[in-house]
Amino acid sequence: SAVISQKPSRDICQRGTSLTIQCQVDSQVTMMFWYRQQPGQSLTLIATANQGSEATYESGFVIDKFPISRPNLTFSTLTVSNLSPEDSSIYLCSVRSGGLSYEQYFGPGTRLTVT
Amino acid sequence: GDSVTQMEGPVTLSEEAFLTINCTYTATGYPSLFWYVQYPGEGLQLLLKATKADDKGSNKGFEATYRKETTSFHLEKGSVQVSDSAVYFCALSGTSYGKLTFGQGTILTVHP
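Residues numbered from 1 in each chain as written. Chains lettered and ligands numbered in written order. Predicted model: local features only at pLDDT ≥ 70, side-chain atom pairs only at ≥ 80, totals over all residues. Heavy atoms only, no water.

Enquirer: I tried to follow the overall build of chain A on my own but got confused; where do I start?
Expert: Each helix and strand counted, chain A has 0 helices and 11 strands in total. In chain A, the order of α-helices and β-strands from amino to carboxyl end is β-β-β-β-β-β-β-β-β-β-β. Scaling as 2.2 N^0.38, a compact globule of 115 residues should have a C-alpha radius of gyration of about 13 Å, and chain A matches this with 13 Å. Seen along its three principal axes, the alpha-carbon backbone of chain A occupies a region of about 40 × 25 × 25 Å. Looking at chain A alone, contacts between residues at least 24 apart form 53% of all its contacts between residues at least 6 apart. As displayed, chain A has an accessible area near 5500 Å², and 49% of this comes from carbon and sulfur atoms. Computed over 8 positive and 8 negative side-chain charges, the inter-centroid distance for chain A is 6 Å. (Helix = DSSP H or I, 4+ residues; strand = E, 2+ residues; numbered from the N terminus. Rg over C-alpha atoms; globule rule 2.2 N^0.38 Å. Contact = heavy atoms within 4.5 Å. Areas by Shrake-Rupley, 256 points an atom, 1.4 Å probe, with all protein chains shown as cover. Lys, Arg positive; Asp, Glu negative; His and termini not counted. Charge placed at Lys NZ, Arg CZ, Asp CG, Glu CD.)

Enquirer: Looking at this structure, I do not really get the state of the cysteines. What am I missing?
Expert: Note: disulfide means a covalent bond formed between the sulfur atoms of two cysteine side chains. Tallied over the entire structure, the rule returns 2 disulfides over all chains. Residue pairing for C23 of chain A: its cysteine sulfur links by disulfide to C93 of chain A, the two sulfurs lying 2.0 Å apart. Because the torsion about its S-S bond is 75 degrees, the bridge between C23 of chain A and C93 of chain A counts as right-handed. Taken as a pair, C23 of chain A in strand β3 (residues 19-25) and C93 of chain A in strand β9 (residues 89-96) lie far apart in primary sequence, 70 residues in all. As far as the burial class goes, C23 of chain A and C93 of chain A line up, both buried. A sulfur-sulfur distance of 2.0 Å marks the disulfide that ties C23 of chain B to C90 of chain B. (Disulfide = S-S within 2.5 Å. Buried < 20%, exposed > 50% of the residue type's maximum accessible area, 1.4 Å probe, protein only.)

Enquirer: For this particular structure, what's the right way to read the sheet that holds strand β8 (residues 75-80) of chain A?
Expert: Whenever strands of a sheet pair, they do so through backbone hydrogen bonds, lying parallel or antiparallel. Residue and element names in this part refer to chain A. Ordered by their spatial adjacency, 4 strands build an open sheet running β1-β3-β8-β7, and the pairing between neighbours is antiparallel. At either margin of the open sheet sits one strand with a lone partner, and together these are β1 (4-7) and β7 (68-72). On average, each strand axis in the sheet is tilted by 15 degrees relative to the strand beside it, whichever way the strands run. Two strands pair when backbone bridges link them, and β7 and β8 are joined in this way by 3 bridges, in the antiparallel orientation. Counterpart to S69 in the pairing with β8 is T77. (Pairing = 2+ DSSP bridges. Axes fitted to C-alpha atoms, helices over the stretch in contact; angles between N-to-C directions.)

Enquirer: Got a minute to help me understand the confidence of the model for chain A in this structure?
Expert: Chain-level statistics for chain A give a pLDDT mean of 92 and a share of 97% at 70 or above. Averaged pLDDT values over the elements of chain A bottom out at 91 in strand β10 (residues 104-106) of chain A and peak at 98 in strand β2 (residues 10-13) of chain A. (pLDDT = per-residue confidence, 0-100.)

Enquirer: What's the story with the packing of aromatic side chains in this structure? I'm lost.
Expert: Given two aromatic rings, their pairing is described by the distance between the two centres and the angle made by the two planes. All names here are of chain A. By the definition in use, this model includes 11 aromatic pairs over all chains. Between F33 and Y35 the ring centres are 6.5 Å apart and the planes differ by 40 degrees, which places this aromatic pair in the tilted class. Classification of F33 by relative accessible area gives buried; the value is 0%. Judged by its relative accessible area of 0%, Y35 is buried. (Phe/Tyr/Trp six-rings, centres within 6.5 Å; stacked < 30°, edge-to-face > 60°.)

Enquirer: Looking at this model, I keep getting lost on the sheet that holds strand β7 (residues 56-59) of chain B. Mind explaining?
Expert: All names here are of chain B. Spatially, β3-β9-β8-β7 is the arrangement adopted by the 4 strands of the open sheet, whose pairing is antiparallel. The outermost strands of the open sheet, each flanked by one partner alone, are β3 (19-21) and β7. On average, each strand axis in the sheet is tilted by 15 degrees relative to the strand beside it, whichever way the strands run. The sheet contact formed by β3 and strand β9 (residues 75-77) spans 3 bridges and is antiparallel. The residue bridging I21 from the neighbouring strand is L75, located in β9.

What follows is the structure, encoded as structure tokens:
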């Protein structure tokens, strides 16, 4: 399985500002995913990030609010823009394993608190 | 669209008790099914998986069988430990690019 790291592990941000979260993988992967986990809730997919193409966003998530970069096969960033208290969540990146089982491996998450 | 429904929680058990967490799903085609576990303050870890009907996934004493006829993937463990206290998520992947759809999660607390 891939080893995934995220930075920062947590942050407290003022409303109206932005936070950029980095995701680093120890091997080259084609597909990376960004999820949001709101307090006490399950995980919701924000977008799928493929190297060399625009990210694909799920319903309810837009590029202006959650811009994503994917400059190479081991790295991605998610920016959460114009922060509001409703953005307080854990943000997780994941990568898909090879093969046909579609299992994903997750980073440790970034806990964002917006004040 | 795809969906996953888990039993209502939280679940509180005594050590060495038997655990069942129910999970049912709705999906077109033949999804892969997963159980993930999230220990306090940590990210998600893949616990077990099954990719086709009647497959049994197992790991760390946990088991789940892919039942297509009942669209279920219930998680079981014969004797839980305090260290099993965590949040358990059932998930499926039903698309060609591997998007995961998660259930709402079940909080398990095991007391000594």
